[in-house]
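The lines below spell out each chain.
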Amino acid sequence: MRKIIVIGAAALLAAACSANTAGTPQADTSAAGGAAVAPGKDATKVGFIFVGPKDDYGYNQAAYQGSQEVAKAFPDMEVLTAENVPEDDNAARVMNSMIAKGAKIIFATSYGHLDAALKVAAEHPDVAVVQQGNLITGTPPKNAGTFFGTVYEPVYLAGIAAGRATKSNKLGYVYAFPISQTLDNINAFHLGARSVNPKVETYTVNTSSWCDPAKQAEATANLLKQGVDVITQHQDCTATVIKATEAAGKYTVGYHADASSIAPKGWLTGSQWNWGPLYTDIVKTARSGGFTGSKYNANFRVGYKTGENPFVQSPYGPAVDEETKKLIEKARQDIAKGSPFAGPVVDQKGEVRIPEGTIPDYETIEKIDYFVSGVVGTLPKS
Amino acid sequence: MLLVDVLAGGVRGGTAIMFAALGETVSERAGVVNLGTEGCMLLGALGGYAVAAETGNPWLGLLAGAAAGALLAAIHALLVVWRNADQFATGLTLMFLGLGLTSLYGAAYVGEAAPGFAPVPVPVLADIPVAGEVLFQHDPVTYLAFVAAPALAWWLRSTKGGLLLRTAGERADALHVHGHHPGLIRALAVVAGGALAGLGGAQLATAYAHAWFEGMTAGRGFIAVALVIFAAWRPLRVMAGSYLFGAALALAPALQARGYALNQFALDVLPFVITLVILAVLGKRTLRAAPEELRRVFQSAPSR
């Protein structure tokens, strides 16, 4: 018996280890020579992979909901989904198994899924592979692309609400990693707040994890101790920070989802996802055979300036006054013509990074690797 | 003040680790290592949060968390004591089982609201400078932990139950002679240890993070196992060590909120690095403090 258990446990461990290091299976041979087929044309199946659970009240849930809207929009299609897909070779394995089941369009929805997505795209020229949130360097292959909203635009608007609500002129930001998306959000939030409150400062704490509720609790406690009275975050699970802020009687700006139900007093506003329309349009484009050369066969970004941003502002809470709502509405119109990062943008050292009168393009903004002046915190070296 | 914030954070964050490490102490003092502590904590966290959400009573949640941890540990006791299974293999397997079960059944409670424990400042004491903020402005579960470690130390040293448990870990044969069943005592110790680990998990979910999320213990169960060696199987040292490791986890956010950069990862490995250093420096001498029966389990090191 003892031996059996030892062997069983060893097998279990081995399985767990190999699952993390498993190489990609051999490329599907049916794809060979299929270069003439337009990627994703007449697809009957589409696959979605998510880095977390589909009900995390955050990023992954929003992406999952988007996938379900695709299912509704195309009743003749089968939508395959896979949760908790890590950002390593496992992702390639999962995507390959979806392709083996007949999927001709693949959505890799996490930032870190890009490498695996590009690998899969190279192996299957007949499959359209799109990745959410990252950037392909150089010219994308004919059957791949990335897409995203300009997340930082509604974050900028929420920053206005924060800048108006704060009494201590100290805002707090709990974030995971210093990736460009997050830096854009923090900077935009601060710039939004500063546009209505020149004295405001934004304090940052990073947790080095997309979801570690205990670390979030500690981060929030420390921000509150610094006198911060509005807290927002860039985390995959958001409840801990919001509840702790509400319990302290301070204001919350949400991210990913409308969480006003757990912060009935302190909820200001927030930003949340609405992926359905964009996902549906990508699938439509690929099925028609027109993926290659389309706007989705590139690093596609959409914002207030260019169309329907999949990232929208959450409903207001009771603490937001009419004057603030008007300021936000005006700013929204200004962004549609300009940008939250319209120059001059000055970094923490006082160096001008975007000169006065310049409106940077989406790609420039996504390459921002500094905090703007007024943000308190040093970027961790990662 | 930085020091106050870090120490207060150490007490907040160290509590879950302490409950789990006290549980591991009980188990190991009876001669059984439970590497499944992380799994017990996870079951405790989910059980505690789910019951608090369903009943609206966080105290019932705490009890449920302890029960859930005890249940997983009971499997360990059954396999190790009754079936003489390998302690390390069984423990690790149970850790994976706990992780899998809670991910599977916990999905419904992600994002679900549940009542939790709020800070209750202790009258008068809470106003003492420094010490008041570090020790007396917490939730009731944290205060419970203040009592738990000294109580366990006293129980082990001064009661008949404590003596029996220690004897099971030191001289199991002697128990036989006196008509006791060392197996039964060990099994009870493992189950009680699991209950304490479950309590730690429930504290994490209902008093600290106020949320359930899969894998939310994030290795704290393993910190607890390492800590017991570091603390030489003594409850009061476990208490001190828990707060020390808790403070290490609290240092990064406290510094960052003041504008300094500090890599969280570097501090996350600190408990394990300290334990490894102790093991490396003391080598076999680590085991001097170990219960005799446990030493037999540990001394399966390859001969040179």
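Because the structure is a prediction, the values reported are computed rather than measured.

(A) Here's a closer look at the overall build of chain A. The helix and strand inventory of chain A stands at 11 helices and 15 strands. Taking all 382 residues of chain A together, the buried fraction comes to 55%. Of all intrachain contacts in chain A linking residues separated by at least 6 positions in sequence, the fraction that spans at least 24 positions is 69%.

(B) Structural detail: the overall build of chain B. A tally of helices and strands in chain B yields 14 helices and 0 strands. Against the 2.2 N^0.38 benchmark of 19 Å for 304 residues, chain B shows a C-alpha radius of gyration of 19 Å, consistent with a compact globule. Along the first, second and third principal axes, the C-alpha atoms of chain B reach 60 × 45 × 40 Å.

(C) The arrangement of the interface of chain B and chain A in detail. Contacts between chain B and chain A engage 39 residues on the former and 44 residues on the latter. For the side of chain B that touches chain A, the secondary structure elements donating two or more residues are helix 1 (2-29), helix 4 (87-106), helix 9 (182-208), helix 11 (235-256) and helix 12 (264-268) of chain B. Among the residues making up the side of chain B that touches chain A, the classes are represented as 24 nonpolar, 11 polar and 4 charged.

(D) Representation of the environment of Gln233(A) in the model. All names here are of chain A. Residue position: glutamine 233 is located in strand 8 (residues 230-234). Between the alpha carbons of glutamine 233 and glutamine 216 there is a distance of 9.5 Å; along the sequence they are 17 residues apart. Dropping the residues within four chain positions of it, glutamine 233 is found in contact with Tyr173, Val174, Tyr175, Thr238, Val241 and Tyr255.

(E) Quick peek at the sheet that holds strand 15 (residues 375-376) of chain A. Residues and elements named next belong to chain A. Taken in spatial order, the 7 strands of this open sheet run 12-10-9-8-6-7-15, and their pairing is mixed. Edge strands, defined here as strands with exactly one partner in the open sheet, are strand 12 (311-313) and strand 15. When strand 10 (residues 267-273) meets strand 12, the two strands line up antiparallel, connected through 3 bridges. Bridging across to strand 12, serine 271 finds its partner in glutamine 313.

(F) Up close: unusual backbone geometry. In this structure, Pro344(A) follows Gly343(A) across a cis peptide bond, with omega equal to 5 degrees. Structurally, Pro344(A) can be placed in the loop between helix 10 (322-337) and strand 13 (345-346). Positive phi outside glycine occurs at Ala232(B), with the angle close to 50 degrees. Positionally, Ala232(B) belongs in the loop between helix 10 (220-230) and helix 11.

(G) Helix 5 (residues 152-165) of chain A, seen in detail. With 14 residues, helix 5 of chain A should reach 20 Å at 1.5 Å per residue; the first-to-last C-alpha distance of 20 Å fits that figure. Burial of helix 5 of chain A is extensive: 14 of the 14 residues sit out of reach of the surface.

(H) Spatial organisation of the nonpolar core. Counting residues in hydrophobic clusters, the biggest one holds 210 residues, and the most contacted among them are Met95(A) and Leu227(B). When residues in this core are grouped by element, the largest group, 16 residues, is from helix 9 of chain B. Residue contributions to this core reach at least three from each of two domains, namely domain 1 (37-149 + 275-302) and domain 2 (152-272 + 311-376) of chain A.

(I) Region of interest: the packing of helix 3 (residues 89-100) of chain A against helix 4 (residues 114-123) of chain A. Residues and elements named next belong to chain A. Across the interface, helix 3 lies against helix 4 with an axial gap of 8 Å and an inter-helix angle of 40 degrees. Looking at the two axes, helix 3 sits oblique to helix 4. Helix 4 is crossed by helix 3, and the crossing has right-handed handedness. Each of Asp89, Ala91, Ala92, Met95 and Asn96 in helix 3 lies in contact with helix 4, whose residues at this interface are Ala116, Lys119 and Val120. Of the residues contributing to the contact of helix 3 with helix 4, the split by class is 5 nonpolar, 1 polar and 2 charged.

(J) Seen up close, the domain arrangement of chain A. Residues and elements named next belong to chain A. One can read the domain layout of chain A as domain 1 (37-149 + 275-302) and domain 2 (152-272 + 311-376). Its C-alpha centre places domain 1 at a distance of 29 Å from the equivalent point of domain 2. Split by residue class, the side of domain 1 that touches domain 2 holds 5 nonpolar, 7 polar and 2 charged.

Cut-offs applied
Residues numbered from 1 in each chain as written. Chains lettered and ligands numbered in written order. Predicted model: local features only at pLDDT ≥ 70, side-chain atom pairs only at ≥ 80, totals over all residues. Helix = DSSP H or I, 4+ residues; strand = E, 2+ residues; numbered from the N terminus. Buried ≥ 20, exposed ≤ 12 C-beta atoms within 10 Å, placed from the backbone. Contact = placed C-beta atoms within 7 Å. Rg over C-alpha atoms; globule rule 2.2 N^0.38 Å. Nonpolar A, V, L, I, M, F, W, Y, C, P; charged D, E, K, R; others polar. Pairing = 2+ DSSP bridges. Expected span 1.5 Å × (residues − 1). Core = buried A, V, L, I, M, F, W, Y, C linked by C-beta atoms within 7 Å. Domains from an automatic or database assignment. Axes fitted to C-alpha atoms, helices over the stretch in contact; angles between N-to-C directions. Parallel < 35°, antiparallel > 145°, perpendicular 65-115°, else oblique. Left-handed = near helix turned anticlockwise from the far one by under 90°.

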